[in-house]
Amino acid sequence: MNVKYSRGITLHEERRDMSIPVISVVAKSGTGKTTLLEKLIAELKRRGYRVGAMKHDAHRFDIDREGKDSWRLTQAGADTTVISSPEKLAMVKIHEEMKELSLTDVVTSYFPDVDIVLTEGFKKSRVPKIEVHRKERSNTLMCRGEEHDTTLVAVASNEKLDVDVPLFDVNDFSGFVILLKKGFCHEKKE
């Protein structure tokens with residue numbers, strides 16, 4: 001189902017290059033992106049959806065702990081190292097050219113078994129975005145500042161704002177889930 005908003009954007013058209021819907025939650029640091037994502041994931045899971053989550057890190061990160069077996073295998077030259085247990089799986093994959101994979105490539109390669117992927121960050125991507133805004137943190141929206149980001153589909157705020165997309169209270173998690181269900185996810189029987 002395509003949802004058309006007043007500004008003429010049909011949500012499904014914005015993500016035509018990915019079969020799995022991806023929504024990115026963006027905001028300035030310390031605004032509450034992770035908190036919103038935690039609540040959205042919990043509410044989507046409660047409604048029967050399989051949810052993928054992905055955090056963007058613009059800097060280098062390391063999940064391997066020095067001296068651990070997986071670290072030692074990567075240090076020995078393994079291009080991909082997987083840690084597997086009955087309850088989880090983790091992978092370290094070395095990028096030869098030190099170039100980050102596209103969001104589309106990551107989603108299609110590593111999230112084939114989910115109904116929706118929620119990301120934190122990826123503010124420069126062309127996927128639909130929800131911006132978190134808190135009046136004590138900023139006077140302006142990132143997606144409505146110097147550049148008008150046409151991928152913004154909603155704002156979560158603790159103050160009333162005059163915006164051209166749906167505005168939700170930062171604690172209206174069920175409202176966001178309704179937006180996601182209408183514009184991005186297939187209906188699930190609750």
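Use the structure listed above.
Let me sum up the structure you'll find in this document. (Residues numbered from 1 in each chain as written. Predicted model: local features only at pLDDT ≥ 70, side-chain atom pairs only at ≥ 80, totals over all residues. Heavy atoms only, no water.)

**Some points on the environment of Ala27**
Assignment of secondary structure puts Ala27 in the loop between β1 (22-26) and α2 (33-46). According to the relative accessible area criterion, Ala27 is buried, its value standing at 11%. Here the alpha-carbon distance between Ala27 and Lys129, two residues 102 residues apart in the chain, equals 9.9 Å. Once residues lying within four places of it in the same chain are set aside, the contact partners of Ala27 are Lys33, Val132 and Met142. (Helix = DSSP H or I, 4+ residues; strand = E, 2+ residues; numbered from the N terminus. Buried < 20%, exposed > 50% of the residue type's maximum accessible area, 1.4 Å probe, protein only. Contact = heavy atoms within 4.5 Å.)

**As for a nonpolar patch on the surface**
A contiguous nonpolar patch, built from Val82, Leu89, Met91, Leu101 and Tyr110 and spanning about 430 Å² of accessible area, is present on the exposed surface. Its place among the elements puts Leu89 in strand β4 (residues 89-93). By relative accessible area, Leu89 is classed as exposed at 58%. (Patch = residues over 30% accessible without salt bridge, like charges linked within 9 Å, V, L, I, M, F, W, Y side chains within 5 Å. Areas by Shrake-Rupley, 256 points an atom, 1.4 Å probe, with all protein chains shown as cover. Salt bridge = Lys/Arg side-chain N within 4 Å of Asp/Glu carboxyl O.)

**With respect to the packing of aromatic side chains**
All chains considered together, the criterion is met by one aromatic pair. Summarising the aromatic geometry, the rings of Phe168 and Phe176 are spaced 4.3 Å apart at their centres and angled 35° between planes, so their arrangement reads as tilted. Just as Phe168 is buried, Phe176 falls in that class too. (Phe/Tyr/Trp six-rings, centres within 6.5 Å; stacked < 30°, edge-to-face > 60°.)

**A closer look at the environment of Val51**
Inspection of the secondary structure puts Val51 in strand β2 (residues 51-55). In sequence terms Val51 and Leu118 are 67 residues apart; their C-alpha atoms lie 7.4 Å from each other. Ignoring anything within four residues of it in the chain, the contact list for Val51 reads Ile41, Leu44, Lys45, Val114, Ile116 and Leu118.

**Notes on the pattern of salt bridges**
Following the criterion strictly, the structure yields eight salt bridges and no others. Residues Arg50 and Asp115 are paired through a salt bridge, measuring 3.0 Å at the closest nitrogen-oxygen approach. Here Asp115 lies in the loop between α4 (103-110) and β5 (116-120) and Arg50 lies in the loop between α2 and β2, a separation of 65 residues in the sequence. Of the residues examined, Arg50 reaches a relative accessible area of 41% and is grouped as partly exposed. Given a relative accessible area of 18%, Asp115 falls into the buried group.

**A word on the sheet that holds β2**
What the six strands build is an open sheet, ordered β2-β5-β1-β6-β7-β8; its pairing is parallel. Only two strands of the sheet have a single neighbouring strand rather than two, namely β2 and β8 (167-169). Strand-to-strand twist across the sheet, computed as the mean angle between neighbouring axes with direction ignored, equals 25°. As judged from the four bridges shared by β1 and β5, these two strands associate in the parallel manner. Bridged to Ile23 within β5 is Leu118. Contacts from α2 reach β1, β2, β5, β6 (129-133) and β7 (152-157) within the one sheet, and its direction differs from that of β5 by about 165°. (Pairing = 2+ DSSP bridges. Axes fitted to C-alpha atoms, helices over the stretch in contact; angles between N-to-C directions.)

**Concerning helix α5 (residues 173-183)**
Across the 11 residues of α5, eight count as buried, placing the element largely inside the fold. Within α5, burial applies to Phe173, Gly175, Phe176, Val177, Leu179, Leu180, Lys181 and Gly183.

**Overview of the pairing of strand β3 (residues 80-84)**
As paired strands, β3 and β4 are joined by five bridges and run antiparallel to one another. When the sheet's bridge partners are listed, Ile83 is paired in β4 with Ala90. Joining the antiparallel neighbours β3 and β4 is a turn of four residues.

Distances and angles like these do not, on their own, reveal function.
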